[in-house]
Amino acid sequence: MGLNLCVFASGSGSNLKAIIKASLTGRINSRVSLVISNNSGAGALKTAAEYNIPYLHLSQKLFATQKEFTAEILRSLKKHKVNFILLAGYMKMLDPVIIKKFRNRIINIHPALLPKFGGKGMYGIHVHEAVVAANEQITGATIHFVNEVYDSGAVILQKQVRVKPADDAESLQKRVLRAEHKLYPEAIRLFEEKRVRVRKNKVFIK
Ligand code: GRF
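Counting from 1, residues in each chain are numbered in the order their sequence is written. The model is predicted, so local features are restricted to residues of pLDDT at least 70 and side-chain atom pairs to those at 80 or more, both for listing and for counting; the totals for chains, interfaces and linings are taken over all residues. Side-chain measures here rest on the full set of heavy atoms in the structure, leaving out hydrogens and waters.

Draft legend 1. Geometry of helix H3 (residues 66-79). Under the scheme used here, helices are H or I runs from DSSP no shorter than 4 residues and strands are E runs no shorter than 2 residues, and both carry numbers assigned from the N terminus. A helix is expected to span 1.5 Å multiplied by its residue count minus one. End to end, H3 covers 20 Å across 14 residues, agreeing with the expected 20 Å (1.5 Å per residue, within 8%). Turning to H3, its buried residues number three or more, namely Phe 69, Thr 70, Ile 73, Ser 76 and Leu 77. All buried residues of H3 lie within an arc of 125 degrees about the axis, which places them on one face of the element. Structural note: H3 exposes Lys 67, Arg 75, Lys 78 and Lys 79 on the side pointing more than 90 degrees away from its buried face. Any pair of residues with heavy atoms lying within 4.5 Å of one another is described as a contacting pair. In the core, the buried residues of H3 are packed alongside strand E1 (4-8), strand E2 (31-37), strand E3 (55-57), strand E4 (84-87) and helix H4 (96-101). The rule is simple: take the accessible area with a 1.4 Å probe, protein chains only, and divide by the maximum for that residue type; under 20% is buried, over 50% is exposed, in between is partly exposed. In this description, the arc belongs to the directions extending from the helix axis to the C-beta atoms.

Draft legend 2. View of the packing of helix H5 (residues 125-133) against helix H6 (residues 169-192). To obtain an axis, a line is fitted to C-alpha atoms, over the contacting stretch when the element is a helix, and the angle between two such axes runs from 0 to 180 degrees between their N-to-C directions. In contact at an axis separation of 9 Å, H5 and H6 are set at 115 degrees when each is read in the N-to-C sense. Our classification of the angle between H5 and H6 gives roughly perpendicular. The chirality of how H5 crosses H6 is right-handed. Between H5, through Ile 125, His 128, Glu 129, Val 131 and Val 132, and H6, the contact on the second element is made entirely by Ala 169, Glu 170, Leu 172, Gln 173 and Val 176. Per-class residue counts for the contact of H5 with H6 are six nonpolar, two polar and two charged. Note that the term roughly parallel is reserved for angles under 35 degrees, roughly antiparallel for angles over 145, roughly perpendicular for angles of 65 to 115, and oblique for everything else. We call a crossing left-handed when the near helix sits turned anticlockwise from the far one by less than a right angle, and right-handed when that turn is clockwise. Residues are grouped as follows: nonpolar covers Ala, Val, Leu, Ile, Met, Phe, Trp, Tyr, Cys and Pro; charged covers Asp, Glu, Lys and Arg; every other residue, Gly included, is treated as polar.

Draft legend 3. Examining the packing of aromatic side chains more closely. For Phe, Tyr and Trp, where Trp contributes only its six-membered ring, two rings pair if their centres lie within 6.5 Å, and the inter-plane angle classes them as stacked under 30 degrees, edge-to-face over 60, or tilted in between. This model, assessed by the stated rule, comprises four aromatic pairs. Ring centres of Phe 8 and Tyr 90 lie 5.1 Å apart, and the angle between their planes is 65 degrees; this geometry places the pair in the edge-to-face category. Pair noted here: Phe 8 is in strand E1 and Tyr 90 is in the loop between E4 and H4, with a separation of 82 residues, a long-range link. Here Phe 8 matches Tyr 90 in class, with each residue buried. Their ring planes at 55 degrees and their centres at 4.7 Å tell us that Phe 84 and Phe 191 sit as a pair that is tilted.

In short, the description is geometric, and any link to function would need to be established separately.
Dropping the structure here:
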């Protein structure tokens, strides 16, 4: 069954683009119904415009209270009949009210093999810098559920990426991103096929 996806993104939006392409080529049955960014200059919003996908710049700063901000997000999700949320480089925490309402229907991609290299300060290039500094030979990408605690939701899928001796953080980031672009559509398919079960914060794939 195809899902009506909302993608939240703050940055360049290369994962968003990969998901849109997977949808257009039929690799997934879902479609991106809405893109939301807290950053008006995000590449993700340009990509949404390019593909004629509804998009919104919604930032807490534009609202008097967190409650109003959250209410506006929920209104927009309802308006576009969104039933599944993807975070792809979204730099903000979602309000617990949204997480509760979409329990087990919000997933995120992280550019490392969680639980390694996750948590505070572990975002963007910092993740890859830490991987290189730790002399890891294998890194990768993780798709996980989003709950109220940053980077701690149950892991759904991981893809390994080899760290080459000559790698620096930038070259590693590029290779991991390519893996991410394959992994996100694979994860979406699992949900389309209803193959993901969660019990006690553990994921079972049928
Ligand atoms: C990705 O590396 C993702 O894992 C992380 O943020 C980055 C977003 O990249 N959460 P992009 O905006 O999709 O290019």
